[in-house]
Amino acid sequence: MRHKMRGRHLSRTAAHRKALRQNITNSLFTYGRIITTLEKAKETKSFAEKIITLVKKGLMKKDTDRAGYVHCYRLVLSKLRNAEVVKKLFGEGTWREIGGIAQRYISRPGGYTRILKLSGSRLGVLSGSNVGKIPVLEYRMEGMERKLRMIGRRLNDNASRVIFELVECPEDAKSIEEVKPEIAAT
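The structure reproduced in this document is the subject of the present report. (Residues numbered from 1 in each chain as written. Predicted model: local features only at pLDDT ≥ 70, side-chain atom pairs only at ≥ 80, totals over all residues. Heavy atoms only, no water.)

**Re unusual backbone geometry**
Now for step 1: One non-glycine residue, Leu 10, lies in positive phi territory at about 55°.
Now for step 2: Along the chain, Leu 10 falls in the segment before helix 1 (14–31).
Now for step 3: Despite not being glycine, Arg 81 shows a phi value in the positive range, around 55°.
Now for step 4: Counting through the fold element by element, Arg 81 comes out in the loop between helix 3 (66–80) and helix 4 (83–90).
Now for step 5: The exposed category is assigned to Arg 81, whose relative accessible area is 62%. (Helix = DSSP H or I, 4+ residues; strand = E, 2+ residues; numbered from the N terminus. Buried < 20%, exposed > 50% of the residue type's maximum accessible area, 1.4 Å probe, protein only.)

Below, the structure written as structure tokens:
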């Protein structure tokens, strides 16, 4: 029995699972949307959301507590081990003018990622589509138009494929300065 054993093993060792989680999260923050299996996406979702929450806490400390900001920055860097992704999260370096990923979610209390299922009962068949047609998924990633043909072997593909993406916020216009007084008042 697996009492008090949290998480999925994914047929990997602990070190391999940790590296897989880091790589999937780095790809998610780099591209905004990735295609992976349902089990990997579910296992990575909580890790990615905790990273964004930690970045948000660091951004709140940026002007008032510089040491706290640096501490949060280093924590995220130690968990992701990719300096460019961390700069993109915090809005540092080349991302200073555009703004970081976490600044989009400053006013959002949680739910930064979502999982969209691609396949129905068989890989290669989108939910609700006919078996005879070969579905094509068109999407935009990093300003480029991309297409994905959903073809799979009917008997051998057991893992269902999903789109794992960052949620777009309609409140992108709100900046950090507008949110800080609201948090200080509560």
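**Some details on the packing of aromatic side chains**
Now for step 1: Under the criterion given, the structure shown has 4 aromatic pairs.
Now for step 2: For the ring pair Tyr 69 and Tyr 73, a centre distance of 6.4 Å and an interplane angle of 45° mean the geometry is tilted. Highlighted residues: Tyr 69 and Tyr 73, both in helix 3, separated by 4 residues, approximately one helical turn.
Now for step 3: On the accessibility criterion, Tyr 69 (3% relative accessible area) is buried.
Now for step 4: With centroids separated by 5.2 Å and ring planes inclined at 55°, the aromatic side chains of Tyr 105 and Tyr 112 adopt a geometry described as tilted. Side by side, Tyr 105 and Tyr 112 carry an identical accessibility label, which is buried. (Phe/Tyr/Trp six-rings, centres within 6.5 Å; stacked < 30°, edge-to-face > 60°.)

**Focus on the pattern of salt bridges**
Now for step 1: Counted according to the given criterion, the structure contains 7 salt bridges.
Now for step 2: Two residues, Glu 165 and Arg 33, come together in a salt bridge whose shortest N-O distance is 2.7 Å. Remark: Arg 33 occurs in strand 1 (residues 33–37) and Glu 165 occurs in strand 5 (residues 161–166); sequence separation between them is 132 residues.
Now for step 3: Judged by relative accessible area, Glu 165 falls into the buried class, the value being 3%.
Now for step 4: A cluster of three or more residues bridged by salt bridges with shared partners is formed by Arg 33, Arg 114 and Glu 165. (Salt bridge = Lys/Arg side-chain N within 4 Å of Asp/Glu carboxyl O.)

**Quick look at the nonpolar core**
Note that soluble globular proteins tend to have their nonpolar side chains buried in a common cluster.
Now for step 1: Counting 31 residues, the largest nonpolar core has Phe 29, Ile 51, Val 55, Val 76, Leu 80 and Leu 89 as its most contacted members.
Now for step 2: For this core, the secondary structure elements donating two or more residues are helix 1, helix 2 (38–60), helix 3, helix 4, helix 5 (101–104) and strand 5.
Now for step 3: Residues contacting Val 76, with those up to four places away along its chain left out, are Ile 51, Leu 54, Val 55, Arg 81, Val 86, Leu 89 and Phe 90.
Now for step 4: Membership of the second largest hydrophobic core comes to 6 residues, among which are Leu 137, Met 141, Leu 148 and Ile 163. (Core = buried A, V, L, I, M, F, W, Y, C linked by side-chain atoms within 4.5 Å. Contact = heavy atoms within 4.5 Å.)

**Concerning the sheet that holds strand 1**
Now for step 1: Judged by pairing direction, the sheet is antiparallel, and its 3 strands sit side by side in the order 1-5-2 without closing on themselves. The open sheet has two edge strands with one neighbour each: strand 1 and strand 2 (113–117). Looking at each pair of strands side by side, their axes are set apart by 30° on average, direction ignored.
Now for step 2: Relative to strand 5, strand 2 runs antiparallel, the two being bridged by 5 bridges. By the bridge assignment for strand 5, Thr 113 is matched with Leu 166.
Now for step 3: Strands strand 1, strand 2 and strand 5 of the sheet are contacted by helix 1, whose axis makes an angle of about 150° with strand 1.
Now for step 4: Sheet strands touched by helix 2: strand 1, strand 2 and strand 5. Its angle to strand 2, the strand with the most contacts, is close to 165°. (Pairing = 2+ DSSP bridges. Axes fitted to C-alpha atoms, helices over the stretch in contact; angles between N-to-C directions.)

It is worth stressing that arrangement in space is one thing and function is another; only the former is reported here.
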